[in-house]
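Listed below are the residues making up each chain.
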Amino acid sequence: MKREHTSFYVTIPHHLCASVSLPASKSICNRALVINALSGGERQVGNLSDCDDTSVMVSALSEMPEVINIGAAGTAMRFLTAYLSVTEGAHVLTGTERMKQRPIGVLVEALRSIGADISYVEKDGYPPLRISGRQLNGGHLEISGDVSSQYISALLMIGPVMREGLTLSLKGTIISRPYIDLTLRMMKEFGAKAGWIDANTIRVEAAHYQPIDYEVENDWSAASYWFEMVATSEDPQAEVHLAGLKDDSGQGDAVIRDIFSRLGVVSNFCEHPSGRGKILVIKKGGAVPERLEWDFVTCPDLAQTMVVTCVLLGVHFRFSGLQSLKIKETDRIEALKRELEKLGYKVKDEDGRVMTWDGERCEAMETPCIDTYEDHRMAMAFAPAANKLKGIVVNKPMVVTKSYPHFWEEVFVVEDRGSAEEK
């Protein structure tokens, strides 16, 4: 049995000056773990995140039980589906009830088309999956470019161990391209020969990965909440220091620096006081615009952060490229609309692809109670709202353990409003 917190009452001190410990990037961790396993698993992956998504990947790859339960870890579901397809042994891959509602048919059919032995245990197109691994021939494969980039990354990472390698043609609009580029960059660091051969085609040669020690960069997605914290703070001298990030990062969400610069937040890399590397210093530094437009097709995980930030700052917006938000941990578009109404904001969407706000308000709850929908990013995106309110209640706050287990231990003043026993 474990203790499950039902809600936190969250406040934030007026004076904001903090050095924050970011988690390692779970996107990089999980890619590194799969590629390291494909290379033989003999070397060390350093600075691994202790988040749920990475923990289930570590357990699965080290123990390889007959039934692998990845919980709510979508990345692990996609990456392990491909990995188990080319790894000897038979396994059932399953997860939470919400995971069983998240489609995976596109990836399964792609793998089947090149010889993978995968069947659905319950509902066609959805987990759980029964997978019997074997070496695949590979060859040429077509897949839509507007599906989850995790499907594409999953296929790419197993390309080098296929007899003929893999040529992957992406049809139509390609979303989340930076995540695909991150995968290719990491594959090449492990010795793979892989890259774009034209605007829509990637070629992966049949060539074994080379074992190397690998150090994981900290998470730019997690950094976004501290940009939000500075932007929404009432302290004109607000300042946050973040270590473990790279100026030339391959993470697509590093674009958060550019987005927030348009909201009057400046960030610069400075020498770390210890002399070891650099830290990113975030401060207020400019005027806030009346309106912001942005296409999130390459960085959808930043959308919640930016939607909440903009309404809190009174910035009207039109955000596009949000079509993948409906198949995340929850339908993030509907969740944002519902929870922002509790804060007094009427946000709209267009065909599940665009969100807009023109300043429309509604009656707010005196002390808003934010539901998190089993979605870590809902909890973290709404937490900085406590800057603008006397306080805010976050329900099921420990959902943050999916990616950022120590989030509430930073600058927040947290009052536990109750907990329950969970088996």
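For the structure itself, look to the data block above.
**Student:** Help me out: how do you make sense of the overall build of the protein chain in this one?
**Tutor:** Summing up its helical and strand segments, the protein chain has eleven helices and 24 strands in all. Relative to the compact-globule value of 22 Å for 423 residues, the protein chain shows a C-alpha radius of gyration of 21 Å, a close match. By its C-alpha atoms, the protein chain is 60 × 50 × 45 Å across when sized along the principal axes. Per-residue burial over the protein chain gives 58% buried out of 423 residues. Total accessible area on the protein chain is roughly 17000 Å²; 45% of this is exposed by carbon and sulfur atoms. Here the protein chain contributes 46 positive and 58 negative side-chain charges, whose respective centroids are spaced 2 Å apart.

**Student:** Help me understand the pairing of strand 6 (residues 89-94) in this model?
**Tutor:** On any regular strand, side chains alternate: one points to one face of the sheet, the next to the other face. Looking at chain direction, strand 5 (residues 67-69) and strand 6 are connected through three bridges and run parallel. Bridge pairing in strand 6 links N69 to T94. The handedness of the strand 5 to strand 6 crossover, carried by helix 3 (residues 74-85), is right-handed. As paired strands, strand 6 and strand 8 (residues 129-133) are joined by five bridges and run antiparallel to one another.

**Student:** How should I be thinking about the packing of aromatic side chains in this particular structure?
**Tutor:** The relative placement of two aromatic rings is captured by the distance of their centres and the angle of their planes. A complete count under the given rule lists 14 aromatic pairs for this structure. Aromatic side chains Y404 and F407 sit 5.3 Å apart centroid to centroid with 70° between the ring planes, which places their arrangement in the edge-to-face category. You'll find Y404 and F407 in the same group, each marked buried. In textbook terms, an aromatic cluster arises when at least three aromatic residues are bridged by ring pairs, as seen for F8, Y225, W226, Y404, F407, W408 and F412. Across the ring face of Y126, the terminal group of K123 is positioned such that the distance to the ring centre comes to 4.6 Å. The residue whose ring lies beneath R177 is W196, and the NZ or CZ to ring-centre distance is 4.5 Å.

**Student:** Hey, could you run me through helix 1 (residues 26-38) in this one?
**Tutor:** Quick reminder: α-helices carry 3.6 residues per turn. Residues three or four places apart thus point the same way. Spanning 13 residues, helix 1 covers 18 Å between terminal C-alpha atoms, matching the ideal 18 Å at 1.5 Å per step. Among the 13 residues in helix 1, twelve count as buried, and that is most of the element. Within helix 1 the residues assigned to the buried category are K26, S27, I28, C29, N30, R31, A32, L33, V34, I35, N36 and L38. In this structure S25 caps helix 1, since a side-chain oxygen of it lies 3.3 Å from the backbone nitrogen of S27. Note on helix 1: the residue one or two positions beyond its end, G40, has a positive phi of about 120°.

**Student:** I keep staring at the side chain of R78 and nothing clicks. Help me out?
**Tutor:** Structurally, R78 can be placed in helix 3. Judged by its relative accessible area of 6%, R78 falls in the buried class. Side chain to side chain, R78 and Q150 meet in a polar contact 2.6 Å long. Residue contacts for R78: discarding those within four places in its chain leaves R102, P103, L107, S148, Q150, Y151, A154 and I327.

**Student:** Before we go on, may I ask you to explain unusual backbone geometry in this structure?
**Tutor:** Where the residue is not glycine, phi is negative for most of them; where a peptide bond is considered, it is trans in most cases. Of note, the bond from P127 into P128 is cis; its omega dihedral lies within 30 degrees of zero at 5°. Within the fold, P128 resides in the loop between strand 7 (117-120) and strand 8. Notably, N47 is not glycine yet its phi reads approximately 60°, a positive angle. Considering the arrangement of structural elements, one finds N47 in the loop between strand 4 (45-46) and helix 2 (52-63).

**Student:** It is not clear to me how the packing of helix 5 (residues 149-158) against helix 6 (residues 177-189) should be interpreted in this structure. Could you clarify?
**Tutor:** For any two helices packed against each other, one specifies the inter-axial angle together with the distance between the axes. Where helix 5 meets helix 6, the closest approach of the two axes is 9 Å, and the angle between their N-to-C directions is 20°. Comparing the axis directions of helix 5 and helix 6 gives the class roughly parallel. Read as a crossing pair, helix 5 and helix 6 show a hand that is right-handed. Judged by residue contacts, S149, I152, S153, L156 and M157 of helix 5 engage Y179, I180, T183, L184 and M187 from helix 6.

**Student:** Got a minute to help me understand empty space enclosed by the protein in this structure?
**Tutor:** Regions of empty space are outlined by a rolling probe, equal in size to a water molecule, passed over the atoms. Scanning all chains against the criterion turns up two cavities of 30 Å³ or more. Roughly 380 Å³ of volume is contained in the largest cavity. Lining the largest cavity are 29 residues, and of these T75, Q150, Y179, D301 and K328 lie nearest its centre. For the lining of the largest cavity, the elements supplying multiple residues, two or more each, are helix 1, helix 3, helix 5, helix 6 and helix 11 (376-382).

**Student:** Please explain the pattern of salt bridges as it appears in this structure.
**Tutor:** Pairs can form between side chains of opposite charge once their charged atoms are near each other. Considering all chains together, one arrives at 24 salt bridges under this definition. For the salt bridge of K100 with E97, the shortest nitrogen-to-oxygen distance reads 3.5 Å. Among the salt bridges present, the one from E234 reaches K388, with a minimum N-O distance of 2.8 Å. Here E234, found in the loop between helix 7 (220-232) and strand 14 (239-243), pairs with K388, found in the loop between helix 11 and strand 22 (392-395); they are 154 residues apart in sequence, far enough to count as distant. Exposure remark for K388: the relative accessible area of 34% places this residue in the partly exposed category. Connected via shared salt-bridge partners are D301, R332, D375 and R377.

**Student:** Just to check I follow, could you spell out the sheet that holds strand 16 (residues 278-284) for this structure?
**Tutor:** Strand order in this open sheet of four strands is 3-14-16-15, and the pairing throughout is mixed. Pairing within the sheet leaves two strands with one partner each, and these edge strands are strand 3 (17-20) and strand 15 (265-271). Between one strand and the next, the sheet's axes are offset by a mean angle of 20°, whatever the strand orientation. Across seven bridges, the pairing between strand 15 and strand 16 is antiparallel. Looking at strand 16, one finds that V266 is bridged to K283.

The rules behind these values
Residues numbered from 1 in each chain as written. Predicted model: local features only at pLDDT ≥ 70, side-chain atom pairs only at ≥ 80, totals over all residues. Heavy atoms only, no water. Helix = DSSP H or I, 4+ residues; strand = E, 2+ residues; numbered from the N terminus. Rg over C-alpha atoms; globule rule 2.2 N^0.38 Å. Buried < 20%, exposed > 50% of the residue type's maximum accessible area, 1.4 Å probe, protein only. Areas by Shrake-Rupley, 256 points an atom, 1.4 Å probe, with all protein chains shown as cover. Lys, Arg positive; Asp, Glu negative; His and termini not counted. Charge placed at Lys NZ, Arg CZ, Asp CG, Glu CD. Pairing = 2+ DSSP bridges. Right-handed = clockwise from strand over helix to strand, strands pointing away. Phe/Tyr/Trp six-rings, centres within 6.5 Å; stacked < 30°, edge-to-face > 60°. Lys NZ or Arg CZ within 6 Å of the ring centre and 35° of its normal. Expected span 1.5 Å × (residues − 1). Polar contact = N/O pair within 3.5 Å; in protein donor to acceptor, adjacent residues only side chain to side chain. Contact = heavy atoms within 4.5 Å. Axes fitted to C-alpha atoms, helices over the stretch in contact; angles between N-to-C directions. Parallel < 35°, antiparallel > 145°, perpendicular 65-115°, else oblique. Left-handed = near helix turned anticlockwise from the far one by under 90°. 1 Å grid on protein atoms, 1.4 Å probe; cavity = no way out; pocket = protein on both sides within 12 Å on 5 of 7 lines; lining within 4 Å. Points joined across faces, edges and corners; volume = space filled by probe spheres on them. Salt bridge = Lys/Arg side-chain N within 4 Å of Asp/Glu carboxyl O.

By themselves, these observations are geometric and do not establish any function.
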